[in-house]
Amino acid sequence: MEPLAERMRPRTLDDYVGQEHLVGPGGVVRRMIESGRVSSFILWGPPGVGKTTLAEIVSSEMKVPFYTLSAVTSGVRDVREVIEKAKSGRFFNNASPILFIDEIHRFSKSQQDSLLGAVERGIVTLIGATTENPSFEVIRPLLSRCQVYTLKSLEKADLQKILDRAVSKDTELQKKHIELKETDAMMRYSGGDARKLLNILELMVESANSDDVVITDKRVEEELQTNPLAYDKKGEMHYDIISAFIKSIRGSDPDAALYWMARMIEGGEDPQFIARRIVISAAEDIGLANPNALLLANAAFDAVMKIGWPEGRIPLAEAVVYLATSPKSNSAYMGINTAIEEVKQSGNQPVPLPIRNAPTKLMEQLGYHDGYKYPHDYPGNFTPQQYLPDALKDKRFWHAQHSPAEEKLYQRMLNCWGERYKS
């Protein structure tokens, strides 16, 4: 018998739960289907949020052939065979067949290269699914031919809808009397993953050994402690534990950080995945409080790439302890986020004339570069002048957090800009 998660896989767009920004009224994927023209795209998001399901629904709604490859088991030859099938099976003026590649981030460069021509010529419409940031894992030429759509972890209301539908619609569960007395523990353990949630529900029903099934938080917690693999260990390892790992570094607990990294290592996690998260943590959480943290994190990443596994665990451990014991600042992280929000709100503000480039005579005549003060011509290599657009000239995006290292930066800005940095 198929697992419950497979039996409950949605078959139509209207049955699909969550990701309203993509499939809801006006959502980009819904609009593509309604227009009858689907372009290649990559779905990026955590496990169990509907990436594969959405790809299958798109194919079904478009009434085109659907080919699927797994990056784990397929090679270049498999890609070429599918492309040949797509060529021979396509009819004139019909929409292109869809080629779905699960875990596309695991495709090698040569495998991804083999897709380029078929995608570019419209032989296939590529839909990729990945749990990893595509900008790190997908080659640039292929990425430029695909839109990237981000899928989010499912909200509590979405998970509740999935639970209720399973209990009321699944033919096997209908044979039992199931009472969802408490669902908080199920929601918590699922972590926004619909597949994990349905696996937990199925485990609860099977372990009851009765047609009357009452699900409580206590029962879920007890059952999952004795069946740790029952709800998709890979998903837990990949998201729950990496979250604990990053939070332990951020919280300055080197012991906990090493423990969670050990859990990932023993769970078979990709060393590059761990190394990338360490680099991100160095920039996001340590930041200007200790700029050497980013240098050491990058060095650890390089060392892992050079020496491989298992010795790579040693430079990773060194970096983790260094990051966890370092002072923390997220001022640069907060600063860029604030600046991006300002750009979204205020749009394309004009660059002040004095700091514009003036490579032509006409630009000089229009006042480009006129009045620019070259800082190196002044004492201390600084002189006040306006660098922000006129409408934003008094805006502040970076706010120092006054760690010992960052305090020096703040004091210099205070000396340079005076009142502007007192707020």
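Let me sum up the structure you'll find in this document. This one's a predicted model, so the numbers in the text were calculated from it and none came from an experiment.

1. Describing the overall build of the chain
Across its full length, the chain holds 20 helices and 7 strands. In terms of its C-alpha atoms, the chain occupies a principal-axis envelope of roughly 85 × 60 × 45 Å. Residues classed as buried in the chain amount to 44% of the 423 residues present. Residue pairs at least 24 apart in sequence account for 71% of intrachain contacts in the chain once pairs closer than 6 positions are excluded. Counting only carbon and sulfur atoms, one obtains 52% of the accessible surface of the chain, whose full area is about 22,800 Å². Separation between the mean location of the 52 positive side-chain charges and that of the 57 negative ones in the chain comes to 5 Å.

2. Quick notes on the pattern of salt bridges
In total, this model carries 10 salt bridges according to the counting rule given. Residue K344 is joined to E341 by a salt bridge in which the shortest nitrogen-to-oxygen separation is 3.7 Å. Here E341 and K344 lie together in helix α18 (residues 331-346), a separation of 3 residues that amounts to about one turn. Judged by its relative accessible area of 41%, E341 is partly exposed. Residues joined by salt bridges that share partners form a network here, namely R7, D170 and E202.

3. Let's talk about unusual backbone geometry
Its identity is not glycine, yet S252 carries a phi of approximately 60 degrees, on the positive side. Within the secondary structure layout, S252 lies in the loop between α13 (233-250) and α14 (254-266). For N381, which is not a glycine, the phi torsion comes out positive at approximately 60 degrees. Note on placement: N381 falls in the loop between α19 (361-365) and α20 (404-417). Taking the relative accessible area as the measure of exposure, N381 reaches 44% and is therefore partly exposed.

How each quantity is defined
- Residues numbered from 1 in each chain as written.
- Predicted model: local features only at pLDDT ≥ 70, side-chain atom pairs only at ≥ 80, totals over all residues.
- Heavy atoms only, no water.
- Helix = DSSP H or I, 4+ residues; strand = E, 2+ residues; numbered from the N terminus.
- Buried < 20%, exposed > 50% of the residue type's maximum accessible area, 1.4 Å probe, protein only.
- Contact = heavy atoms within 4.5 Å.
- Areas by Shrake-Rupley, 256 points an atom, 1.4 Å probe, with all protein chains shown as cover.
- Lys, Arg positive; Asp, Glu negative; His and termini not counted.
- Charge placed at Lys NZ, Arg CZ, Asp CG, Glu CD.
- Salt bridge = Lys/Arg side-chain N within 4 Å of Asp/Glu carboxyl O.

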